[in-house]
Amino acid sequence: MDEEPTRESDALNEQVKLLVKTERRLYGAQRVIEMQLHRLGALNTLAASANRAGDPDVILGLALQALVDVLDFDQAVALVPAKSAGARLAALRTQPGCEPCDRRWSGRAVELPIVDEPRLYMPRAATSDDDVAALLDAVNTYFAPRGRRGAARGVPAVELVVPLRRKSGMQLGLLVLRKIDVTVSLHETRISEADLPFVELVATRVEADVENVLLYRELEAFAAGLEQKVAERTAELARTNDALALSLRRVRETQAQLVEASKSAALLTLVAGLSHELNNPIGVILGYAQGLLSRAPNPATARQLSAIERQARRCSHLVRAMLGLAANPPMALDSIPPAVLLRSAVADAAHEAAERGVRIYVEALPDDLPSLFISEESLREALGQLVKNALDATASGGTVSLSARERRRNAVRGVELSVQDSGAGIPRAFLSRVFDPFFTTKPPGKGIGLGLSLVRRAVEAHGGRIEVRSDLGRGTTVRVWLPIAASELHPAEEPRLDAEGTR
Amino acid sequence: MGTVASVAKSENRNSATAGRELATLALAALGRRADLFLVFATAGYDQAALIAAIAEVGGDTPLAGCSGEGVITQSGSDERAYAAVLMAIASERATFDTFSVEGLSKDPRGAGAAIAAWVRGLGQRRARCLLLFPDGLTGNSTVLLAALQEGLPEPLPIAGGTAGDLAQFDRTFQYHDGRVLSDAVAAVLIGGDVDVETAVSHGCEPIGSVRTVTRSDGGTVYEIDGRSAWSVFKEYLDDDPVDLSAADSVHLSFGERLPERDAAGYGQYVMRTPFGLDHESGALFFPGSLAQGSKIQMTRRDPDRIRQSAMKSATELAARRSRRPNLVLHFDCAGRGRIIFGERASEMAITPMQEILGRELPWLGFHSYGEIAELGGTAYYHNYTVVLLALYDRERVDGRGADAGE
């Protein structure tokens, strides 16, 4: 009677045991599903964040975060090749209290080894001669391990090295993750080789995102380079066009100068020949006039002979001037203070200026004006011509002032002499021609237009330069620049018109 | 001033930093000198460094607590290797005394008697409630509690949990003032004008036939129904395991039949979990005794029942007083956290109780290897159980109510 309930009870107990075991398996399966869901969630979070990140370092940091969160690592670094040498720390993640201990990453001396696939060390053998060991030691030094229980001296309990590659196969960098000791709770991941597929998934995910960012950057750099090249070529073309236009203008100017020069040369040859031919008859006329004047029979004849003698002398002077224009006599150079030149020019013209009612003077001169190494005769004549021109242009009551100052031209020391009048000025249309031989604005009989031409010749013979600036109705200023030393003499520059009408 | 408390948590893996953080944050939140530090921490920490750092900040503030399998605050439970919590309590109405006794495994009865003597020495006025944190691996807590209660002049609410070590079953730690002990019991006696209410629940379901412990010695059970205890237990496990693992045993336990007077309103059984296996004899070790002749039944854990019974007991606890407690202490079995609920442990079993009693309350606890709570006026050692202790400033006789939080 008792055996039936016992058998029934035993059968029920067996069923209960079976149910409990099944339930236990279900719990186990539930934990696995939860773990996989957790990992899937981490991968999704990583994918969403990495996709939005435009910086490879940020993406590497997100990869570290995913691995640290899921696999419960204490410390993680992302290392990439440095520009110069060694490895650069691109990202760092640590649990609170596992930060690097006041050390800076000094990766210059650390080369990133080539690693084919994720490697797990639990722990790394102290005698390991793996080429990764040097890198892991450097990371170890960076973190200064605290050597708690469970950790071998100087080596963390768990190290994981994850290589990241580009599509080209080139190694992008390495992730190094560390667990300092093995004290984990029942619920923390006890990492094993079984976790490496998840690690591969994370690596693949971030490799793709970094690849995208780098490709985009390369494309941007290429586009920027293209724009830069177009801009450079355009600028180069514009420069070439400018140069061409300049060359063309110079060719035209040179052509015009050549024409002018050939005209002047022909004129000067004609003048030289004519002067030479005139010189002798004029000499004869002058000689006889002077001889007859000394024996003039009456005052009326004497006045006529005197007129002949005066006009003959004038003709002789003109002829000498014309001969001087054509000739190129050698110069005797002396060291002359500019003040001497200016004061003698004023002294020479003082009488005429007084007669004209024009005030002439030398402005205050700097004490330290250097002397000029020049032909005194040549420049006294030139300065005298400029003063004469100024007096001619200036009405009674006006002024003619002379001044000097030190001035550099093209880094060459020199002295600038100025003759300024308060006369009528030169019309703008004439300014470009004032240095041409035989150009004059004076009425007939007041000059033949050789003065400024001779002045320019004298100045240029000293390596100097002459400029004329005129303001119609207010006056004219002529500036003569001369180098101070003979050694600084240089070929005369071609006088040019500037915007102001100066030469 | 009524009783006020603040709670701090640190996850810093540097033990000294974590200790300093705990004390500094809790004291800053408290805004005054603390009369007691309660500390629970997981076993990843260098326990001595952690407690030393707390003492460095807190000075001579009395301190008690233990290592746990996880820690609990209003932000839920944290069962990672590095998590530590501290409650700083200050009160002009309550008194706090701390005590410890070592050598639990060798003489649990003597330990219980020593604690009873200490309580008696402090006088009835200072004895409203006793918190106990025994080593969860070494001693027989049932014997400890029996000796303790025998030595008390009158019944005293007793609650607590036994220390854990991240299910490594190696060594647990008990904290008493600046000291870190093992194989010991740390104790806090709360006295003064305060009252406590406790609630306890498990959520396990008896399965199979009622069995009898046919040979045992204290916490070591050799035979059940005349067979080795391990062979009986193993029948419910898959794949004929050679060892007792936490992952396996966490799903199963034994229910020890309660005396009728203590079972009222709770259930027939108090839970008993094996913590050790003697391969040679097939004996199982239980930190709570299973006396020879005890009626037991296998029990399985049911997540839904765990959740429902926890919420029910929290609701009953809240209903006992018309006001919020000043603070809540929470001792929850290590087997009732992530191991059964996974990532949703806090959401499923912790937060619902906090929502019933008050999300703003200072709340501190830990995941223990065993729990201590009274049933029918007698303190029992439990497994797979949650114990809540709510502390209230005693209501004034003029009816103005408590002045907590003033």
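Values in this document were obtained by computation on a predicted structure and should not be read as measured data.

Caption draft 1: Fine view of the overall build of chain B. Scanning chain B from terminus to terminus reveals 10 helices and 26 strands. Going through the 406 residues of chain B one by one, you find that 63% of them count as buried. Long-range contacts, defined as pairs at least 24 residues apart, comprise 81% of the intrachain contacts of chain B with a sequence gap of at least 6. Summing over all exposed atoms, chain B offers an accessible surface of approximately 13700 Å²; the carbon and sulfur share of this is 47%.

Caption draft 2: View of the side chain of B:T98. All names here are of chain B. With respect to the secondary-structure elements, T98 resides in strand β7 (residues 94–102). Side-chain polar atoms of T98 contact the side chain of H176, separated by 3.3 Å. A polar contact is formed between the side chain of T98 and the side chain of D177, at a distance of 3.1 Å.

Caption draft 3: The arrangement of the sheet that holds strand β1 (residues 4–10) of chain B in detail. All names here are of chain B. Here we have six strands laid out as an open sheet, ordered β1-β6-β2-β3-β10-β11, and mixed in their pairing. Looking at strand neighbours, the two that pair on one side only are β1 and β11 (179–181), the edges of this open sheet. Taken over all neighbouring pairs, the strand axes of this sheet differ in orientation by 15° on average, direction set aside. As defined by bridge partners, strand β2 (residues 36–42) adjoins strand β3 (residues 63–68) across six bridges and the pair is classed as parallel. Looking at β3, one finds that F37 is bridged to L63. Sitting on the sheet, helix α1 (residues 15–30) is in contact with β1, β2 and β6 (84–90), with an inclination near 150° to β1.

Caption draft 4: Local environment of the sheet that holds strand β25 (residues 378–382) of chain B. Residue and element names in this part refer to chain B. As summarised here, the arrangement of the six strands in space is β7-β12-β8-β9-β24-β25, forming an open sheet in which the pairing is mixed. In the strand order of this sheet, the two ends are held by β7 and β25, each with one partner. With direction set aside, neighbouring strand axes in the sheet form an average angle of 25°. As paired strands, strand β8 (residues 129–134) and strand β12 (residues 184–192) are joined by six bridges and run antiparallel to one another. Bridging from a neighbouring strand, L132 pairs with A187 of β12. This element, helix α4 (residues 141–151), spans β8, β9 (158–161), β12, β24 (371–375) and β25 of the sheet and lies at about 170° to β25.

Caption draft 5: View of the nonpolar core. All names here are of chain A. Grouped together as the largest cluster of nonpolar side chains are 42 residues, with contacts concentrated most on L341, I360, L386, V400, L402 and L417. Counting only elements with at least two residues in this core, the list comes to α6 (338–356), β8 (372–374), α7 (376–393), β9 (399–409), β10 (412–421), α9 (451–461), β11 (465–471) and β12 (475–483). Apart from the residues within four sequence positions on either side, V400 is in contact with V358, R359, I360, Y361, A390, L391, T394, V419, Q420 and D421.

Caption draft 6: Broad picture of the pattern of salt bridges. In total, this model carries 54 salt bridges over all chains according to the counting rule given. Among the salt bridges present, the one from A:E159 reaches A:R124, with a minimum N-O distance of 2.8 Å. Placement of the pair is A:E159 in strand β4 (residues 158–165) and A:R124 in the loop between β3 (119–121) and α3 (133–143), with a sequence separation of 35 residues. Take A:R124: its relative accessible area is 7%, and that puts it in the buried class. The partner of B:D78 in a salt bridge is B:K9, with the nearest N and O atoms 2.8 Å apart. With a gap of 69 residues between them, B:D78 in strand β5 (residues 76–78) and B:K9 in strand β1 connect regions that are remote in the sequence. B:D78 gets classed as buried once you look at its relative accessible area, which sits at 5%. Taken together, the shared-partner salt bridges in this structure form one network comprising A:E23, B:E205, B:R300, B:D302 and B:R305.

Caption draft 7: Fine view of the interface of chain A and chain B. The partner chain B presents 36 residues to the 28 residues of chain A that form the contact. Interface of chain A and chain B: buried area, both sides summed, is about 2900 Å²; carbon and sulfur atoms make up 47% of it. Put simply, chain A and chain B have four salt bridges between them. Note that A:D74 is salt-bridged to B:R13, the shortest N-O span being 2.0 Å. Considering every element that reaches the side of chain A that touches chain B, the biggest residue donor is helix α1 (residues 3–52) of chain A, with 12 residues. Its residues placed into classes, the side of chain A that touches chain B shows seven nonpolar, seven polar and 14 charged.

Caption draft 8: Molecular detail of a nonpolar patch on the surface. On the surface, a cluster of nonpolar side chains totalling about 300 Å² of accessible area is made up of A:I33, A:L37 and A:L40. With respect to the element layout, A:L37 can be found in helix α1.

Caption draft 9: Geometry of the packing of aromatic side chains. All names here are of chain B. Within the structure shown, the criterion is met by 16 aromatic pairs over all chains. Measuring from ring centre to ring centre gives 4.4 Å for F40 and F366, while their planes differ by 25°; the resulting arrangement is stacked. Of the two residues, F40 is situated in strand β2 and F366 in strand β23 (residues 363–368); the sequence distance between them amounts to 326 residues. Exposure class is identical for F40 and F366. Each is buried. Considering the side-chain rings of F233 and F254, the 5.7 Å spacing of their centres and the 40° angle between planes classify their relative orientation as tilted. With a gap of 21 residues between them, F233 in helix α5 (residues 229–234) and F254 in strand β17 (residues 252–257) connect regions that are remote in the sequence. Across the pair, exposure class does not vary: F233 and F254 are buried alike. Here the aromatic cluster, defined as three or more aromatic residues joined through ring pairs, consists of F40, F133, F331 and F366.

Quick notes on the rules
- Along every chain, residues carry numbers that run from 1 in the direction the sequence is written.
- Chain labels run from A onward and ligand labels from 1 onward, assigned in the order the entries are written.
- In keeping with the predicted nature of the model, local features appear solely for residues at pLDDT of at least 70, side-chain atom pairs appear and are counted solely at 80 or more, and the whole-chain, interface and lining totals rest on all residues.
- With hydrogens and water set aside, each side-chain value is computed from the structure's full complement of heavy atoms.
- Strands are runs of DSSP state E lasting at least 2 residues, helices are runs of H or I lasting at least 4, and numbering of each runs from the N terminus.
- Three labels apply to residues, based on accessible area from a 1.4 Å probe with only protein chains included: buried if under 20% of the type maximum, exposed if over 50%, partly exposed otherwise in between.
- The criterion used for residue contact is that any of the two residues' heavy atoms lie within 4.5 Å.
- Residue burial considers only the protein chains on display, and all accessible areas are found by Shrake-Rupley using a 1.4 Å probe.
- Between N or O atoms, a polar contact is any pair within 3.5 Å; within protein, one atom must be a potential hydrogen donor and the other a potential acceptor, and residues adjacent in sequence are included only when both atoms are from side chains.
- Each pair of strands is called paired provided DSSP finds at least two bridges between the two strands.
- All axes are obtained by fitting lines to C-alpha atoms, using only the stretch in contact for helices, and the reported angles, taken between N-to-C directions, cover 0 to 180 degrees.
- In this text, buried Ala, Val, Leu, Ile, Met, Phe, Trp, Tyr and Cys residues form a nonpolar core when linked through side-chain atoms within 4.5 Å.
- Within this document, salt bridges are pairs made up of a side-chain nitrogen of Lys or Arg and a carboxyl oxygen of Asp or Glu, the two lying within 4 Å of each other.
- Buried area counts how much accessible surface, traced with a 1.4 Å probe, disappears from two parts once they are put together, with both parts' losses summed.
- Each residue is assigned to one class: nonpolar for Ala, Val, Leu, Ile, Met, Phe, Trp, Tyr, Cys and Pro, charged for Asp, Glu, Lys and Arg, and polar for all the others, Gly among them.
- Exposure above 30% relative accessible area and the lack of any salt bridge qualify a residue for a patch; like charges then connect within 9 Å, and the nonpolar side chains Val, Leu, Ile, Met, Phe, Trp and Tyr within 5 Å.
- Two aromatic rings from Phe, Tyr or Trp, using only the six-membered ring of Trp, form a pair when their centres are within 6.5 Å; if the ring planes differ by under 30 degrees the pair is stacked, by over 60 it is edge-to-face, and anything between is tilted.

Taken by themselves, the reported measurements are silent on function.
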